[in-house]
Amino acid sequence: MSRRKRGKPVNGIVLLDKPAGLTSNRALQTLRRLFDARKAGHTGSLDPFATGMLPLCLGEASKTAAFMIAANKTYRAVARLGLATDTGDIEGSTILNMDIPELSESMIRESFAAFLGEIEQVPPMYSALKQQGQPLYKLARQGKTVERSPRKIVIHDLKLLGFGEQFLEFEVKCSKGTYIRTLAEDLARALDTCAHLVSLRRLSVEPFASGHMVTLNQLESDAESQTLDQHLLPIDAGLKNWPLVCLDAESAAGFRHGICQQCEITEPGWVRVCGPQEQALGLGECTMDGLLKPKRVYNLNID
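Residues numbered from 1 in each chain as written. Predicted model: local features only at pLDDT ≥ 70, side-chain atom pairs only at ≥ 80, totals over all residues. Heavy atoms only, no water.

### As for the overall build of the protein
Looking only at helices and strands, the protein features seven helices and 17 strands. Each principal axis of the C-alpha atoms in the protein carries an extent, and together these give about 70 × 50 × 40 Å. Per-residue burial for the protein yields a buried fraction of 46% across its 303 residues. Here the contacts in the protein between residues at least 6 apart in sequence split such that 67% fall between residues at least 24 apart. Only carbon and sulfur atoms are counted for the fraction: they give 46% of the accessible area of the protein, which is about 16400 Å². With 36 positive and 35 negative side-chain charges, the protein shows a separation of 9 Å between the mean positions of the two kinds. (Helix = DSSP H or I, 4+ residues; strand = E, 2+ residues; numbered from the N terminus. Buried < 20%, exposed > 50% of the residue type's maximum accessible area, 1.4 Å probe, protein only. Contact = heavy atoms within 4.5 Å. Areas by Shrake-Rupley, 256 points an atom, 1.4 Å probe, with all protein chains shown as cover. Lys, Arg positive; Asp, Glu negative; His and termini not counted. Charge placed at Lys NZ, Arg CZ, Asp CG, Glu CD.)

Here it is as structure tokens:
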């Protein structure tokens, strides 16, 4: 006799405005509890001290999470100049004090320009990257430092929002894998000083706009009034820039059973797949010879 699955089959994406002081996993579990969902996953974590957009996937939407991790993201950050911490943010201990040179707007903008485009960035020790199976942050907490290879990232846009004697505020649009803590340290180094982040807010994760976020307080209130579903975006909302292949009823049934289908395409690659009435079926891959291969099939009750 099979064990009954806990929770309800809730499917969709919620754009949480994560509060400071909460880990991404704790936020995820809180959301899962509020929706009483069987399954949930997120699309890349935010540091506990950071706030802002955290796309959370419930149910079958989890099958799209890996693709959204690769999305471009936009952040607003405030760095404290002249003071560095071991974590690169306000949660760490001070490891360095430096004088702050007299700065001008033109000087800062000129230094910012050197960071635009594809650059190399050395990941921080306080990160979830693994070294021989061990997360770097665990090694860092043991007082250990290991060599990290630089990784290529892309800074699409970098705007100066403000600066003062001890702070620097900026907005950055960047590729996946970018550590804003490290970027702040590198920007400060280019200005002949050091820094750490005192504030970090994720404004958006492509293709989502910032206006769609919802707070935990609002979700808890809507859970009491049983109106949570209004915050659920479609399963494949994070992939709306992907090509869409629509199948008739017979082909849709075959796709759901993992059977390859013939399709008309302009170029090969991954696609979203829907059936009659634009019912989401899953994700597939179109080949050069016009064959649609099922790759991620949504387990939904479809009449």
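Back to the write-up after that little detour.
### Some points on the packing of aromatic side chains
Counted by the stated rule, this structure contains four aromatic pairs. A ring pair is formed by Phe 67 and Trp 242, whose centres lie 5.0 Å apart and whose planes are at 80 degrees; its orientation type is edge-to-face. Separated by 175 residues along the polypeptide, Phe 67 in helix α2 (residues 65-68) and Trp 242 in the loop between α6 (216-224) and β13 (244-246) bring together distant segments of the chain. Assessed through its relative accessible area of 23%, Phe 67 is described here as partly exposed. The buried category is assigned to Trp 242, whose relative accessible area is 18%. Both rings, one in Phe 67 and one in Trp 270, keep their centres 5.1 Å apart while their planes meet at 55 degrees; by these two values the pair is tilted. Pair noted here: Phe 67 is in helix α2 and Trp 270 is in strand β15 (residues 269-274), with a separation of 203 residues, a long-range link. Given a relative accessible area of 29%, Trp 270 falls into the partly exposed group. Chaining the aromatic ring pairs together yields one cluster made of Phe 67, Trp 242 and Trp 270. (Phe/Tyr/Trp six-rings, centres within 6.5 Å; stacked < 30°, edge-to-face > 60°.)

### As for the nonpolar core
In terms of nonpolar packing, the biggest core is built from 29 residues, with Phe 170, Val 172 and Ile 180 touching the most fellow members. Every element with two or more residues in this core is listed here: β4 (73-81), α3 (105-113), β10 (151-163), β11 (167-174), α5 (180-190) and β12 (195-205). If you tally residues by element for this core, the top one is α5, at five residues. For Ile 180, the residues in contact, after removing those within four places along its chain, are Tyr 75, Ala 77, Phe 170, Val 172, Cys 174, Leu 197 and Leu 200. Core analysis: the second largest hydrophobic core is formed by 19 residues, Met 53, Met 68, Ala 71 and Leu 239 among them. (Core = buried A, V, L, I, M, F, W, Y, C linked by side-chain atoms within 4.5 Å.)

### Overview of the side chain of Lys 18
Mapped onto the fold, Lys 18 is located in strand β1 (residues 12-18). Excluding residues that lie within four positions of it along the chain, Lys 18 makes contacts with Ser 24, Ala 27, Leu 46, Asp 47, Pro 48, Ala 50, Thr 51, Gly 52 and Leu 54.

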